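So you can see what is in the structure, the chains are spelled out below.
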Protein chains: 2
Amino acid sequence: MTMSSSAGGRRKPPTIHDVAREAGVSRGTVSRVLNGGHYVSPAAAEAVNDAIRRTGYVVNRHARSLITGRSDSVGFLLTEPQERFFEDPNFNVLLSGCTQALASHDIPVLLMLAGTKDERRRITRYITAGHVDGVLLVSSHSGDPVAQELREAGVPLVACGKPIGLGSKVSYVAADDRDGARDMVRHLLDVGRRRIGMITGPLDTPGGVERLAGYKEVLTEAGIAVDEALVVPGDYSKASGEAGAERLLAQAPDLDAVFVASDLMAQGVLAVLQRAGRRVPDDIAVGGFDDSPAATAVTPQLTTIRQPWDRISTEMVRVLLAQIGGEDPAAVILPTELVRRDST
Amino acid sequence: MTMSSSAGGRRKPPTIHDVAREAGVSRGTVSRVLNGGHYVSPAAAEAVNDAIRRTGYVVNRHARSLITGRSDSVGFLLTEPQERFFEDPNFNVLLSGCTQALASHDIPVLLMLAGTKDERRRITRYITAGHVDGVLLVSSHSGDPVAQELREAGVPLVACGKPIGLGSKVSYVAADDRDGARDMVRHLLDVGRRRIGMITGPLDTPGGVERLAGYKEVLTEAGIAVDEALVVPGDYSKASGEAGAERLLAQAPDLDAVFVASDLMAQGVLAVLQRAGRRVPDDIAVGGFDDSPAATAVTPQLTTIRQPWDRISTEMVRVLLAQIGGEDPAAVILPTELVRRDST
DNA sequence: TTCTCTACTGTGAACGCTCACAGAGCATGA
DNA sequence: TCATGCTCTGTGAGCGTTCACAGTAGAGAA
C-alpha cells in the first residue's frame, strides 16, 4: 500500500475514492476533511487523515478547479524591460517574498514576463480566461495597458507601488515614499550637510514624485532654499545614477551630500564619485533608497531607506487573497526605516 | 455574442460546447481542431476557427488536464539559498530565457524556490503528485536530494549544468566549461601575462572542476608550471571573489593576471584590486566567466567567457519537452565564446 | 411519545474536456 | 457487385473533484 519510489515510471496517483475506501467513508466525507473539516466527526476525520497518510494522497487540483472555477494559483506579472529585471535585485527580493508567502497558503505562482507586445496579448488572454485567480503586478512605470485590461475584466489585482491611471479601484501596497525621503534628508542635515543634491526616480511615477516631494519639504522646513541645480532626474537604473552624478558634480561642485532615489542608482553614484576622487562619506555623503541587496554589496556600504520588502510581499499576498475572496480593493502604505551604514 | 469587457464582474467563459454550436459541428470536431487539426475538413476547421474568434473561446486547461493527465505546465526549481538568488543576475537571465522559451510553446511556468526543508518537502510532493509535467532545475551545488527524489519518481528533469550524484539518467544542458577556461587562459598568455592566478568555482561541482582543469592544462601546455600558491578556491559569490583576491595578493604579489571563475567573483576582485591600488588591466589583467549582466555593469568592463544563456535556456526547454514527450534523457554541451572587453 | 433541531454522512450530478469507438460517405480495386 | 480502405464526423463515457440534496441518528423540547 505504500507509494514508495524505486519504480522508474510514474504510477497513477491515488484518488479521493481510494482514500474513502481506505478510510471506510464516502467521497463526500473525505472532501469535507480536505476543505476545512466542518461537519465531520472527529473519528471520521482521523480515519481520513490516516488514510491520506497511508496512501500518499494529494488532491488533484485540476479536478478541483474544474468544478470550483477557481485555479488556486496566482500570477506574478512583471511588466519591466528585461534589462531592468536583470539589473535590479529588488525584483528578486519581491519575487522570492511573494512566492514564499503564497507557498504558505499552498498557492502556486505562475511567472509572467511581459516583454513584447505579443507576449502582453498572450498573457492578458491567459489571465482573463481565468487560468489564475489573481495577479501580483510589479512594474515601476505602472500606467500599464495590461493592468488596465485586467482591471476592466474584473481580475483581482494588487500592484507593488501606487499605480497610475487605474482609478481608485485597484489595490496596491507601497512603502511610504515621502516619509522615507524625509527621514533620509533629515539625516543628512543631522550629520551636518547643507548642500544636499538629489537624483530622483522617474517623475511619471508616484514613488518618484513622492521621494522628491519629501526632499523638498525637509529642506524648506530647515530653511534651506531648494536649488534646482541640485536636482537631477533618474530612472532607478545604475546607468542613470552615473549620469546623474556626473551632472551634479558639474552643476554643483560644492555638493556635500546626495540623496539618491534608489540603491541601484547610488551604486552608480559611488562609482562616479570614486573616479572623481571624492571620498565617501568624508567629502560627499550618499544616501540611497530601497535597502536592496545592492546596498551592502558596495563599498562603502550604503546608508539607505529600508523598504520593508518582506512585509510588502506578505501584504500584497494578503490583499490579493482577500480580494479573491470577494473583499474590496485596498491600499496599504507601510512605514520605512532609515538604515545607517558607512556612506553618510 | 461578443465577450467584450466593460462589465465589472467575471462572466462565465464560453465552452467548447458553445463553439461547437456556433460553428454547427460537434464537440469532437472542435476538439480536433484545437489539437492539431488532423482528420478535419478544411471547411469545418474554418468554421470552428471562426466560431472561436467570435466567441472569444479559450480552452479550459483544467478540464483538459483532468482527462489527459498532463498539466501542460512545468516547474522552474531553484535550490539555491536566497542570497545567491538575490546576488547573481545569471539566475534572472536563465529564468527569463526559460520562461520565454516555454511561452512560445504556450506552456506556463511555475516558480519553485526551495529554501527551507519544509519547502523542499512541499515542493517535492507537489511535483511528484503530477502537478507539473517536468522540471527545470537550477542550482550550482546540484548534488541535490530533491533532484534525487524527482529522478526516482520518474519526473522529467533537466538540470542547468552537469549535476552530480544523479547517475547518467538525468538530462542536463551546460556550457563547455573546460574549453571556455582554456580560451581565457590562452588569451591571458596571448596578451603577455605569465604569472596567472585563478580563483576557482566550488570544487564539488563539475563546472568548478572543469574550469580549473582547463586553466591547468593550458599553463602546462605553455610550459609554465602550475603554482599552487596562485590557485585559491571560491564559490562564485562576490564575497568569495574579494576574499580570494586578497589571498592571492598576499600569496603572490607579483601576479600579473587572474582568471576568475565567475563574473560575480570578478566584480569582487576588481574592487579589491582597486583598493590595493593595482590598475586593471595595466598591472593585473582580470578574466571572468559567464558574461552575466554583471560583466558590463563594472568598470573596467570585464573580459569574460560568454555562456550562451539564450541557447542554454532554449535547449533546456527543448530537452525537457522532448523528455516529457517520451524521449530519453540527453546531455547537451554548448560552446562558449571569449568576449574581450577592458579588463585584459 | 412526537416533533424539531443539529451534527454528520452518503449519493448523484456536474464541471469542460479528450478519447475510443462507431458509423457515414466516398474512392479504389478485385 | 461487394469488399476494403480512407477521411471525416458525432456520441457516450469518464477523468477526480465539489456541491446540493436527501437522509440518518441522537439530543433536547414540548
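Look up: the structure comes first, before these words.
The rules behind each value
Residues numbered from 1 in each chain as written. Chains lettered and ligands numbered in written order. Predicted model: local features only at pLDDT ≥ 70, side-chain atom pairs only at ≥ 80, totals over all residues. Core = buried A, V, L, I, M, F, W, Y, C linked by C-beta atoms within 7 Å. Buried ≥ 20, exposed ≤ 12 C-beta atoms within 10 Å, placed from the backbone. Pairing = 2+ DSSP bridges. Helix = DSSP H or I, 4+ residues; strand = E, 2+ residues; numbered from the N terminus. Axes fitted to C-alpha atoms, helices over the stretch in contact; angles between N-to-C directions. Parallel < 35°, antiparallel > 145°, perpendicular 65-115°, else oblique. Left-handed = near helix turned anticlockwise from the far one by under 90°. Contact = placed C-beta atoms within 7 Å. Nonpolar A, V, L, I, M, F, W, Y, C, P; charged D, E, K, R; others polar. Near = placed C-beta within 6 Å. Arc of directions from axis to C-beta. Least-squares fit on C-alpha atoms with pLDDT ≥ 70 in both.

Looking at this model, I keep getting lost on the nonpolar core. Mind explaining?
Considering soluble globular proteins, one finds that nonpolar side chains tend to be buried as a cluster. Within the largest apolar cluster, 96 residues are counted, with the highest numbers of intra-cluster contacts made by Leu136(A) and Leu136(B). Core analysis: the next-biggest nonpolar cluster, separate from the first, contains 39 residues, Ala257(A), Leu264(A), Leu270(A) and Val286(A) among them.

What am I meant to see in the sheet that holds strand 7 (residues 231–232) of chain A here?
As a general point, the strands of a sheet are linked pairwise by backbone hydrogen bonds and lie either parallel or antiparallel. All names here are of chain A. A sheet is described by the order of its strands in space; here 4 strands give the open sequence 7-6-8-9, paired in parallel fashion. Of all strands in the sheet, those with a lone pairing partner are strand 7 and strand 9 (285–287), marking the two edges. The sheet contact formed by strand 6 (residues 196–199) and strand 7 spans 2 bridges and is parallel. Residue pairing in the sheet places Ile 199 in a bridge with Val 232 of strand 7.

Before we go on, may I ask you to explain the environment of Arg340(B) in this structure?
Residue and element names in this part refer to chain B. Within the secondary structure layout, Arg 340 lies in the segment after strand 12 (337–339). Assessed through the 13 C-beta atoms surrounding it within 10 Å, Arg 340 is described here as partly exposed. It is 35 Å that separates the C-alpha atoms of Arg 340 and Val 109, two residues lying 231 residues apart in sequence.

Help me understand the packing of helix 7 (residues 117–131) of chain A against helix 8 (residues 145–152) of chain A, please; the structure alone is not making it clear to me.
A packed helix pair is summarised by two numbers, namely the angle formed by the two axes and the spacing between the axes. Residues and elements named next belong to chain A. The geometry of helix 7 relative to helix 8 is characterised by a closest axis approach of 10 Å and an angle of 20° between their N-to-C directions. If you check the angle between helix 7 and helix 8, you find them roughly parallel. For the element pair helix 7 and helix 8, the recorded crossing hand is right-handed. Of the residues in helix 8, those in contact with Arg 120, Ile 123, Thr 124, Ile 127 and Thr 128 of helix 7 are Val 146, Glu 149 and Leu 150. For the contact of helix 7 with helix 8, the residue count by class is 4 nonpolar, 2 polar and 2 charged.

Looking at this structure, how should I read the protein's contact with DNA strand C?
Taken together, 27 residues sit near DNA strand C, with Gly28(A), Ala44(A), Thr15(B), Ile16(B) and Ala63(B) positioned nearest. Those elements giving two or more residues to the surface near DNA strand C turn out to be helix 2 (27–34) and helix 4 (61–68) of chain A together with helix 1 (16–23), helix 2 (27–34) and helix 4 (61–68) of chain B. No other element matches helix 4 of chain B, which puts 5 residues into the surface near DNA strand C. Tallied by class, residues from the surface near DNA strand C come to 12 nonpolar, 11 polar and 4 charged.

Looking at this structure, how should I read the protein's contact with DNA strand D?
What surrounds DNA strand D is a group of 26 residues, the closest being Ile16(A), Ser31(A), Ser26(B), Gly28(B) and Ala44(B). Secondary structure elements with two or more residues in the surface near DNA strand D: helix 1 (16–23), helix 2 and helix 4 of chain A together with helix 2 and helix 4 of chain B. When residues in the surface near DNA strand D are grouped by element, the largest group, 5 residues, is from helix 4 of chain A. For the surface near DNA strand D, the per-class residue count stands at 12 nonpolar, 11 polar and 3 charged.

Looking at this model, I keep getting lost on helix 4 of chain B. Mind explaining?
Since the α-helix turns once every 3.6 residues, residues separated by three or four places project in the same direction. Residue and element names in this part refer to chain B. Residues of helix 4 that are buried include every one of Arg 61, His 62 and Ser 65, and no others. In a view along the axis of helix 4, the buried residues occupy a sector of 95°, so they form one face of it. In the stretch just after helix 4, Gly 69 is the one whose phi turns positive, near 85°.

Just checking my understanding: could you explain the relation of the copies chain A and chain B for this structure?
There are two copies of the chain, and a rotation about an axis plus a shift along that axis relates them. Each copy superposes on the other: chain A lies on chain B with an RMSD of 0.1 Å after a rotation of 180° and an axial shift of 0.0 Å. With respect to symmetry, the two chain copies, as superposed, fit the operation of a two-fold axis. Taken together, the interface assignments show that 100% of the residues at the interface of chain A recur at the interface of chain B, consistent with an identical surface on both copies.

Just checking my understanding: could you explain the pairing of strand 1 (residues 74–78) of chain B for this structure?
In the case of a regular strand, side chains alternate between the two sheet surfaces. All names here are of chain B. With respect to burial, strand 1 is a largely interior element, 5 of its 5 residues being buried. Alternating positions in strand 1 separate into two faces, Val 74, Phe 76 and Leu 78 on one and Gly 75 and Leu 77 on the other, with burial throughout. As paired elements, strand 1 and strand 2 (residues 109–113) share 5 bridges and run parallel to each other. Looking at the pairing, Phe 76 lines up with Leu 111 of strand 2. In the sheet, strand 1 pairs with strand 3 (residues 134–138) via 5 bridges, with the strands oriented parallel. Its bridge partner being in strand 3, Leu 78 is matched across the sheet by Val 138.

What is the right way to read the interface of chain A and chain B from this model?
Where the parts come together, the accessible area they lose is often given as the size of the interface. Facing 42 residues of chain A, the contacting portion of chain B comprises 42 residues. When residues of the side of chain A that touches chain B are traced back to their parent elements, those giving at least two are helix 4, helix 5 (82–87), helix 6 (89–103), strand 2 (109–113) and helix 7 of chain A. Broken down by element, the side of chain A that touches chain B gets its largest block of residues, 7 residues, from helix 6 of chain A. Residues belonging to the side of chain A that touches chain B are distributed by class as follows: 19 nonpolar, 15 polar and 8 charged.

Can you walk me through the environment of Glu210(B) in this structure?
Residue and element names in this part refer to chain B. By secondary structure assignment, the location of Glu 210 is in helix 10 (residues 206–221). Judged by the 22 C-beta atoms lying within 10 Å of it, Glu 210 falls in the buried class. Each residue touching Glu 210, except ones within four places of it in the same chain, is listed here: Asp 177, Arg 178 and Ala 181.

How do you make sense of helix 8 of chain A when you look at a structure like this?
Residue and element names in this part refer to chain A. Buried residues of helix 8: Val 146, Ala 147, Leu 150 and Arg 151, and no others. One face of helix 8 carries all of its buried residues, which in axial projection span an arc of 130°. Here the buried face of helix 8 lies against helix 7, strand 3 (134–138) and strand 4 (157–160). Gly 154 sits one or two residues past helix 8 and shows a positive phi near 80°.

It is not clear to me how the packing of helix 2 of chain A against helix 3 (residues 42–55) of chain A should be interpreted in this structure. Could you clarify?
All names here are of chain A. Helix 3 packs onto helix 2 with a crossing angle of 85° between their chain directions and a minimal axis gap of 10 Å. By the criterion of interaxial angle, the relationship of helix 2 to helix 3 is roughly perpendicular. Each of Thr 29, Val 30 and Val 33 in helix 2 lies in contact with helix 3, whose residues at this interface are Ala 44, Ala 45, Val 48 and Asn 49. Tallied by class, the residues present in the contact of helix 2 with helix 3 amount to 5 nonpolar, 2 polar and no charged.

Geometric descriptors of this kind do not, in isolation, establish any biological role.
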